[in-house]
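For reference, the chains in residue letters:
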Amino acid sequence: MAAKLLARDIMSSGVQCVGAHQSLLDVAKMMRDLNVGCLPICGDNNRLTGLITDRDIVITCCAEGVDPATVQAGSLSAKVHWIDAAADASEVLTTMEEHQIKRLPVIDVQSGHRLVGMITEANLAKNLRDEQIAEFASRVYATA
């Protein structure tokens, strides 16, 4: 019998956090340099406080004519959903589907509640069966 696929098996590791006090200009440069569209935000205690996407920067800052160098990343922090690294793949899918999210931070609860990775749609596509991916897409992209 095959071992259960866990969040830690699906995730991309080596995720870098942006500090809550970093400017959106710094965040945008970091996204460019890392070739990503989303970064976790960590507070002064190095705990996950939110996520910031390239879209967040464009919609809440640039489109409003606000200088991204004057806005702190932490000001965009909102409720963030995450998953324990020891959770199985079905829990990952359920969490992402229930909250209709496309990126899910992975926290190693047993090792000091550290951020250890991120699960994205690309990770799901690489690791799950076609039926699971189709179900995920139908639930996350469903129209209201």
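Above this note sits the structure.
The model shown is predicted, which means the values in this text are computed figures rather than measured ones.

Quick notes on the rules
- Residues numbered from 1 in each chain as written.
- Predicted model: local features only at pLDDT ≥ 70, side-chain atom pairs only at ≥ 80, totals over all residues.
- Heavy atoms only, no water.
- Pairing = 2+ DSSP bridges.
- Helix = DSSP H or I, 4+ residues; strand = E, 2+ residues; numbered from the N terminus.
- Core = buried A, V, L, I, M, F, W, Y, C linked by side-chain atoms within 4.5 Å.
- Buried < 20%, exposed > 50% of the residue type's maximum accessible area, 1.4 Å probe, protein only.
- Contact = heavy atoms within 4.5 Å.
- Disulfide = S-S within 2.5 Å.
- Arc of directions from axis to C-beta.

Would you mind showing me how to read the sheet that holds strand β4 (residues 48-53) here?
Sheet strands pair by backbone hydrogen bonding; their relative direction is either parallel or antiparallel. Taken together, the three strands give an open sheet; going across it, the order is β2-β3-β4, and neighbouring strands pair in mixed fashion. Two strands in the sheet have a free side with no partner beyond their single neighbour: β2 (18-19) and β4.

Looking at this model, I keep getting lost on the pairing of strand β7 (residues 114-120). Mind explaining?
Each regular strand displays side chains that alternate between the two surfaces of the sheet. Relative to β7, strand β1 (residues 12-13) runs antiparallel, the two sharing two bridges. Residue pairing for β7: S13 is matched across the bridge by G117. Note: strand β6 (residues 103-108) against β7, six bridges, orientation antiparallel. Across the sheet, residue R103 finds its bridge partner in β7, namely T120.

Help me understand the nonpolar core, please; the structure alone is not making it clear to me.
One broad trend across soluble globular proteins is that nonpolar side chains are buried collectively. Judged by nonpolar contacts, the single largest core of 19 residues is most densely connected at I83, V92, M96, L104, V106, I119 and L124. Mapped onto this core, the elements with two or more residues apiece are α1 (7-10), α4 (89-98), β6, β7 and α6 (130-140). Among the elements that make up this core, the one with the highest residue count is α4 (four residues). Contact partners of M96, with chain neighbours within four places excluded, come to I101, K102, R103, L104, I119, L124, F136 and V140. Formed by 13 residues, the second largest nonpolar core is a distinct cluster that contains V18, L24, M31 and I41.

In this structure, what is going on with the state of the cysteines? I would like to understand it.
Between two cysteines, a covalent bond joining their sulfur atoms is known as a disulfide. Applying the stated criterion across every chain yields a total of one disulfide. A sulfur-sulfur separation of 2.0 Å characterises the disulfide bridge that pairs C17 with C42. Residue C17 is found in the loop between β1 and β2, and its partner C42 is found in strand β3 (residues 38-42); the two are separated by 25 residues along the sequence. Among the residues examined, C17 registers a relative accessible area of 26% and is labelled partly exposed. Its sulfur unpaired, C38 is 10 Å from the next cysteine sulfur, which belongs to C17.

Where do I start with α6 in this structure?
In an α-helix, one full turn covers 3.6 residues, which means residues spaced three or four apart are oriented alike. For α6, every residue scored as buried is listed here: Q132, F136 and V140. Taken end-on, α6 shows its buried residues confined to a sector of 55 degrees, consistent with a single buried face. Opposite the buried face of α6, at more than 90 degrees from it, the exposed residues are D130 and E131. Contact partners of the buried residues in α6: α4 and α5 (121-127).

Even after reading the chapter, I still don't get the environment of R47, so can you show me in this structure?
Counting through the fold element by element, R47 comes out in the loop between β3 and β4. Sequence-wise, R47 and D9 are 38 residues apart; in three dimensions their C-alpha atoms are separated by 22 Å.

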